[in-house]
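Working through the structure, step by step
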Amino acid sequence: MLLTFTPEQVDLGRMMRSFLELTSPEATVRTLMETERGFDPATWTKMGGELGLQQLAIPEEYGGAGYTFIELGVVLEEMGRALLCAPFLSSVVIAANTLLLSSDDQSKKELLPALASGEKTGTLAFTEADGRWGVGGIATTATQSANGWTLNGEKMFVLDGHTADLLLVIARTANGPSIFAVEGSESGLRRVPMQTMDLTRKQARITFTDVPARLVGAEGEAAEVVPRVLNLAAVALAVEAVGGAQQCLDMAVEYAKVREQFGRPIGSFQAIKHKCADLLLEVESARSAAYYAMWAAAGNSSELPMAAAMAKAYCTEAYAHAAAENIQIHGGIGFTWEHPAHLYFRRAKSTELLLGDPAYHRELLVQHAGI
């Protein structure tokens with residue numbers, strides 16, 4: 001396995017950084033995170049129509065560009081660095097892959113093109129009040145009648161669930177947890193934004209009351225599909241975390257060069273040198289773990305479950321540490337609302353807990369290793 005980027009992938013990363021410097025500066029992030037929607041529709045449309053970002057890793061037969069998870073990862077790393085406010089993780093990584101990994105060719109043909117073009121957004125609603133990141137213990141029910149399927153229940157912590165045009169919902173049938181597609185405009189659907197620590201990534205509580213739904217794939221299929229989707233989502237979060245951690249390190253180093261105490265830059269003091277050196281080691285180690293998981297995802301390797309668990313645990317922990325140390329190195333200014341350090345700290349803590357904390361993923365790693 002060749003773990004190096006092609007010139008085209010390097011150019012993609014440079015293009016993304018330039019694009020995000022224009023569309024996702026700190027001022028824009030602060031404005032968008034205070035809105036209920038949480039993202040700019042015009043930017044989202046540009047990402048899909050002009051840059052083709054939403055279609056990157058979707059096969060051409062479903063309106064995509066046919067690239068791999070590596071190209072997607074290159075984009076995600078830059079998005080994590082810029083704290084992009086957009087439903088990219090929920091729609092492009094999670095919802096699209098839920099459809100792709102299902103056995104329902106008809107649903108793929110009908111639903112994926114709109115996600116690939118950016119015309120619509122999607123998300124996966126599976127977590128319930130118990131906060132379990134999986135399909136075990138699903139209480140939301142799906143009932144079949146002469147008129148089709150209807151859903152009843154409640155989902156929590158649904159990424160961008162209050163704005164998604166397409167909801168892929170995991171509900172229980174007589175044959176086990178299954179995947180259902182629900183249009184965001186359906187009656188009986190109540191969507192309420194949740195108050196979360198990270199204002200740049202919105203989550204919602206969704207209540208289903210006799211909501212019409214469409215079965216995607218076979219009944220009971222979610223038990224196989226969702227864990228595979230969550231592996232990909234874990235890799236995506238790990239790659240995002242690397243981008244965020246690198247930005248925290250860059251901010252800390254730059255400040256240490258210009259902030260002076262006792263007549264010299266604080267970066268000349270041994271304590272600050274050691275903090276920055278330790279962060280560099282952690283960030284580079286996180287990058288190695290995330291990149292390997294990215295290649296495993298791109299190649300559909302049998303090692304993906306272990307690589308994803310390892311990357312999610314290590315990279316998100318490294319991000320949280322880098323964000324905290326960035327605040328410490330900045331001193332008093334780093335604790336203020338006006339400084340961007342707290343925005344990265346909030347995103348880091350959210351990323352660390354989303355889809356399960358590091359301890360949860362280390363336990364998954366042990367299980368996959370058969371220990």
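Residues numbered from 1 in each chain as written. Predicted model: local features only at pLDDT ≥ 70, side-chain atom pairs only at ≥ 80, totals over all residues. Heavy atoms only, no water.

1. A word on the layout of surface pockets
- Here the largest pocket defines a volume of roughly 720 Å³.
- Looking at the largest pocket, it is lined by 40 residues, and the ones nearest its centre are Pro227, Arg228, Asn231, Leu232 and Leu304.
- Elements supplying a minimum of two residues to the lining of the largest pocket: helix 4 (69-82), helix 5 (88-100), helix 7 (222-258), helix 8 (270-298), helix 9 (304-330) and helix 11 (358-368).
- With seven residues, the top contributor of residues to the lining of the largest pocket is helix 7.
- Across the lining of the largest pocket, the residue classes break down as 27 nonpolar, 11 polar and two charged. (1 Å grid on protein atoms, 1.4 Å probe; cavity = no way out; pocket = protein on both sides within 12 Å on 5 of 7 lines; lining within 4 Å. Points joined across faces, edges and corners; volume = space filled by probe spheres on them. Helix = DSSP H or I, 4+ residues; strand = E, 2+ residues; numbered from the N terminus. Nonpolar A, V, L, I, M, F, W, Y, C, P; charged D, E, K, R; others polar.)

2. Description of helix 7
- If you check helix 7, its first and last C-alpha atoms are 53 Å apart, about what 37 residues at 1.5 Å a residue would give, namely 54 Å.
- The element helix 7 is extensively covered by neighbouring structure, given that 28 of its 37 residues are classed as buried. (Expected span 1.5 Å × (residues − 1). Buried < 20%, exposed > 50% of the residue type's maximum accessible area, 1.4 Å probe, protein only.)

3. Quick word on the packing of aromatic side chains
- Enumeration according to the criterion identifies eight aromatic pairs in this entry.
- Relative to Tyr291, the ring of Phe5 has its centre 5.2 Å away and its plane inclined at 75 degrees; by these criteria the two rings are edge-to-face. Taken together, the positions of Phe5 in the segment before helix 1 (7-23) and Tyr291 in helix 8 put the pair 286 residues apart, joining distant regions of the chain.
- Here Phe5 falls in the partly exposed class, since its relative accessible area comes to 29%.
- On the basis of relative accessibility, which here comes to 18%, the residue Tyr291 falls in the buried class. (Phe/Tyr/Trp six-rings, centres within 6.5 Å; stacked < 30°, edge-to-face > 60°.)

4. Observations regarding the nonpolar core
- Met79, Phe88, Ile170 and Cys315 are the most contacted members of the largest nonpolar core, which has 96 residues in total.
- Counting residues per element, this core draws most heavily on helix 7, at 19 residues.
- Those residues in contact with Met79, other than ones at most four positions away along the chain, are Met16, Leu20, Met47, Leu53, Leu84 and Phe88.
- Counting residues in each nonpolar core, the second largest holds 16 residues, with Leu151, Val158, Leu167 and Phe180 among its members. (Core = buried A, V, L, I, M, F, W, Y, C linked by side-chain atoms within 4.5 Å. Contact = heavy atoms within 4.5 Å.)

5. Some remarks on the side chain of His162
- Inspection of the secondary structure assignment puts His162 in the loop between strand 3 (148-159) and strand 4 (166-173).
- Note on His162: relative accessible area 11%, which makes it buried.
- Contact partners of His162, with chain neighbours within four places excluded, come to Glu36, Arg37, Arg191, Pro193, Lys202 and Ala204.

6. Remarks on the UniProt feature "domain: Acyl-CoA dehydrogenase/oxidase N-terminal" (unreviewed entry) in the protein chain
- The residues that UniProt annotates with the feature "domain: Acyl-CoA dehydrogenase/oxidase N-terminal" (unreviewed entry) are residues 6-119.
- Its end C-alpha atoms 30 Å apart, residues 6-119 is made of 65% helix and 0% strand. (UniProt positions renumbered as here; feature names shortened; annotations may be inferred.)

7. Focus: the pairing of strand 1 (residues 122-125)
- Because side chains alternate across strand 1, one face comprises the buried residues Gly122 and Leu124, and the other comprises Thr123 and Ala125, equally buried.
- Bridge count between strand 1 and strand 4: four bridges; the pairing is parallel. Looking at the pairing, Gly122 lines up with Leu166 of strand 4. (Pairing = 2+ DSSP bridges.)

8. Brief notes about the pattern of salt bridges
- Enumeration over the complete set of coordinates arrives at 17 salt bridges.
- Measuring nitrogen to oxygen at the nearest pair gives 3.4 Å for the salt bridge that ties Arg362 to Glu317. Of this pair, Arg362 sits in helix 11 while Glu317 sits in helix 9, and the two are 45 residues apart along the sequence.
- The structure contains a network of salt bridges with shared partners spanning Asp198, Arg201, Glu240 and Arg347. (Salt bridge = Lys/Arg side-chain N within 4 Å of Asp/Glu carboxyl O.)

9. So, empty space enclosed by the protein
- Going through the model one piece at a time under the given rule, you end up with six cavities of 30 Å³ or more.
- The space that makes up the largest cavity amounts to roughly 90 Å³.
- Taken together, 14 residues make up the lining of the largest cavity; nearest its centre are Ala86, Asp160, Thr200, Arg201 and Lys202.
- Looking at the lining of the largest cavity, its residues break down into seven nonpolar, three polar and four charged.
- Among the domains, domain 1 (7-117) and domain 2 (122-220) are the pair contributing at least three residues each to the lining of the largest cavity.
- What the second largest cavity holds in volume is close to 70 Å³.
- Lining of the second largest cavity is provided by Ile94, Thr123, Leu124, Phe126, Trp133, Phe157, Val158, Leu159, Leu354 and Leu355.
- Of all the secondary structure elements, the ones that give two or more residues to the lining of the second largest cavity are strand 1 and strand 3.
- Broken down by element, the residue count for the lining of the second largest cavity peaks at three residues, all from strand 3.
- A class-by-class count of the residues in the lining of the second largest cavity yields nine nonpolar, one polar and no charged. (Domains from an automatic or database assignment.)

10. Some words on unusual backbone geometry
- Even without glycine at this site, Phe157 takes up a positive phi of about 55 degrees.
- Along the polypeptide, Phe157 turns up in strand 3.
- One non-glycine residue, Asp210, lies in positive phi territory at about 50 degrees.
- By the element assignment, Asp210 lies in strand 7 (residues 203-216).

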